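Analysis of the macromolecular model
Next come the chains, spelled out residue by residue.
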Amino acid sequence: MGWTTKQVILSLILVATGSINTISTKWANIMKSTGSDGGKPREFNHPFFQACCMFFGEFLCLLCFKVIYHWLKRKQDGSEDIHDLVKGNRSFNPLIFLPPAMCDMIATSLMYVGLNFTYASSFQMLRGAVIVFVALLSVIFLGRRITIKMWIGIALTLGGLVIVGLCDVMYANDDTTGGSNVIIGDLIIFGAQVIVAIQMVVEEKFVNGKDIPPLQAVGWEGIFGFVTLSLLLIPFYFIHVPQATNPHSALEDLPDALYQIYNNYMIAIALTGTIISIAFFNFAGISVTKEMSATTRMVLDSVRILFIYLFSLCVNWQEFHELQILGFVLLIIGMAIYNDLLPSFATIRGLFRRDRDEALVPNETT
């Protein structure tokens, strides 16, 4: 059965907004603007501020939920209890989202730090490492059994990640500093996947099964992440980091970020792209999962990686190398095997046998 028009539109929105989210974040990173010191324009290096923008985008999902819910409730026909986007349990303690939100805050901030040093395509590919850590933590804390097929998928995924990392090392900037920065960025992003895996395991253990509307769940995590990180920006301003590029050598210099945005409106456009795209990305992702399946969402996520890679090549954010294609292919195959998206040998053999048997049956004529 082919896809409906609605499913095609949702899939396009998912791929487009997911790609825009990574691209707009990297675009903001490489743009230059005059900061609070009024000196020479420099790149917009404010990962914690950008993470705040991302959480604000997730918070918009809660606003979307409230608007849809109250609009349906005004009809007084009970549609608020059957509509896919709002139906479910609405009597729960929002604090159950605090632990996963804190994991999300730490992981997102770390990944945005890493994105400042490495390529947008590598950023997206290295996020595939999460399945490795999810598998290990699921065995330890959820008592889940990992099949041989899943271990094969994990091994192929690791192989693809190693190749991606080697390509970054080989084809980073010729100078030693640039090359080492790319390696550091890759390692930070890879390590952040441990926190993402912890978040997923916590959500599965304490949140899943409560039948909470997904838009509401994403929105509450967005609120906790945004409020917490916004408050942390105050002490971050007073934490001295010698390697920081902002005028005050602070862990995060919020006034400098605002000055740079004011002096270069294109940065504001990029950040707006991050906020809006993450909201639509979560909305489309939830809808794709409901309309089709979680595996379809995973396949579309893979398309997003390819699109970001091709875009990075077109705008000269990185150089092309054949070896990275191999890494990408291994990564996608590994993720597909782990998520049981590829047909088994027995299934393929059964299809061939069925086609052969049908071919041997003589056509009836009247």
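Below or above, wherever it landed, is the structure these notes cover. (Residues numbered from 1 in each chain as written. Predicted model: local features only at pLDDT ≥ 70, side-chain atom pairs only at ≥ 80, totals over all residues. Heavy atoms only, no water.)

With that settled, consider the overall build of the chain. The helix and strand inventory of the chain stands at 13 helices and two strands. Across the 366 residues that make up the chain, the buried fraction comes to 47%. Here the analysis covers contacts within the chain between residues at least 6 apart in sequence; of these, 78% occur between residues at least 24 apart. When the accessible surface of the chain is split by element, carbon and sulfur atoms take 66% of a total near 18800 Å². (Helix = DSSP H or I, 4+ residues; strand = E, 2+ residues; numbered from the N terminus. Buried < 20%, exposed > 50% of the residue type's maximum accessible area, 1.4 Å probe, protein only. Contact = heavy atoms within 4.5 Å. Areas by Shrake-Rupley, 256 points an atom, 1.4 Å probe, with all protein chains shown as cover.)

This next bit is on the environment of Trp 317. Relative to the assigned elements, Trp 317 resides in the loop between helix H11 (294-314) and helix H12 (322-338). Trp 317 sits 197 residues away from Ala 120 along the chain, and the two C-alpha atoms are 8.0 Å apart. Residues in contact with Trp 317, not counting those within four places in the same chain, are Ile 23, Lys 26, Trp 27, Ile 30, Tyr 119, Ala 120, Phe 311 and Ser 312.

The N-to-C vectors of helix H9 (residues 254-263) and helix H10 (residues 265-291) enclose an angle of 110 degrees; their axes lie 5 Å apart at closest approach. By the angle between their directions, the pair H9 and H10 is classed as roughly perpendicular. Mapping the contact onto sequence places Gln 260, Ile 261 and Asn 263 in H9 and Tyr 265, Ile 267, Ala 268 and Leu 271 in H10. Class assignment for the residues of the contact of H9 with H10 results in five nonpolar, two polar and no charged. (Axes fitted to C-alpha atoms, helices over the stretch in contact; angles between N-to-C directions. Parallel < 35°, antiparallel > 145°, perpendicular 65-115°, else oblique. Nonpolar A, V, L, I, M, F, W, Y, C, P; charged D, E, K, R; others polar.)

Okay, helix H6 (residues 148-170) next. A rise of 1.5 Å per residue sets the reference length of H6, with its 23 residues, at 33 Å; its end C-alpha atoms lie 33 Å apart and thus fit the reference within 8%. For H6, every residue scored as buried is listed here: Met 150, Gly 153, Ile 154, Thr 157, Gly 160, Leu 161, Ile 163, Val 164, Gly 165, Cys 167 and Asp 168. (Expected span 1.5 Å × (residues − 1).)

Viewed as axis vectors pointing N to C, helix H2 (residues 47-73) and H10 meet at an angle of 40 degrees, and their least axial separation amounts to 8 Å. Put simply, H2 runs oblique to H10. Note that H2 runs across H10; the crossing there is right-handed. Residue-level inspection shows Phe 49, Gln 50, Cys 53, Met 54, Phe 56, Gly 57, Glu 58, Leu 60 and Cys 61 of H2 in contact with H10, the latter providing Leu 271, Ile 275, Ile 278, Ala 279 and Asn 282. (Left-handed = near helix turned anticlockwise from the far one by under 90°.)

Another aspect to go through is the packing of aromatic side chains. Following the criterion strictly, the structure yields 10 aromatic pairs and no others. Between Phe 65 and Tyr 69, the ring centres sit 6.1 Å apart and the planes meet at 5 degrees, which makes this aromatic pair stacked. Pair noted here: Phe 65 and Tyr 69 are both in helix H2, with a separation of four residues, about one helical turn. Residue class for Tyr 69 comes out buried when judged on its relative accessible area of 13%. Between the aromatic rings of Tyr 237 and Phe 238, the centroid separation amounts to 5.2 Å while the plane-to-plane angle is 90 degrees, which identifies the pairing as edge-to-face. Here the aromatic residues Phe 56, Phe 59 and Phe 226 are joined through ring pairs into a cluster of three or more. Its end group placed over the ring of Trp 71, Lys 75 keeps NZ or CZ at 4.2 Å from the ring centre. (Phe/Tyr/Trp six-rings, centres within 6.5 Å; stacked < 30°, edge-to-face > 60°. Lys NZ or Arg CZ within 6 Å of the ring centre and 35° of its normal.)

Scanning the entire structure with this criterion turns up zero disulfides. The thiol of Cys 53 is not disulfide-bonded; the next cysteine sulfur, from Cys 52, is found 7.0 Å away. Using a relative accessible area of 9% as the deciding quantity, one classes Cys 53 as buried. Cys 61 forms no disulfide, and the closest cysteine sulfur to it belongs to Cys 64, at a distance of 6.9 Å. (Disulfide = S-S within 2.5 Å.)

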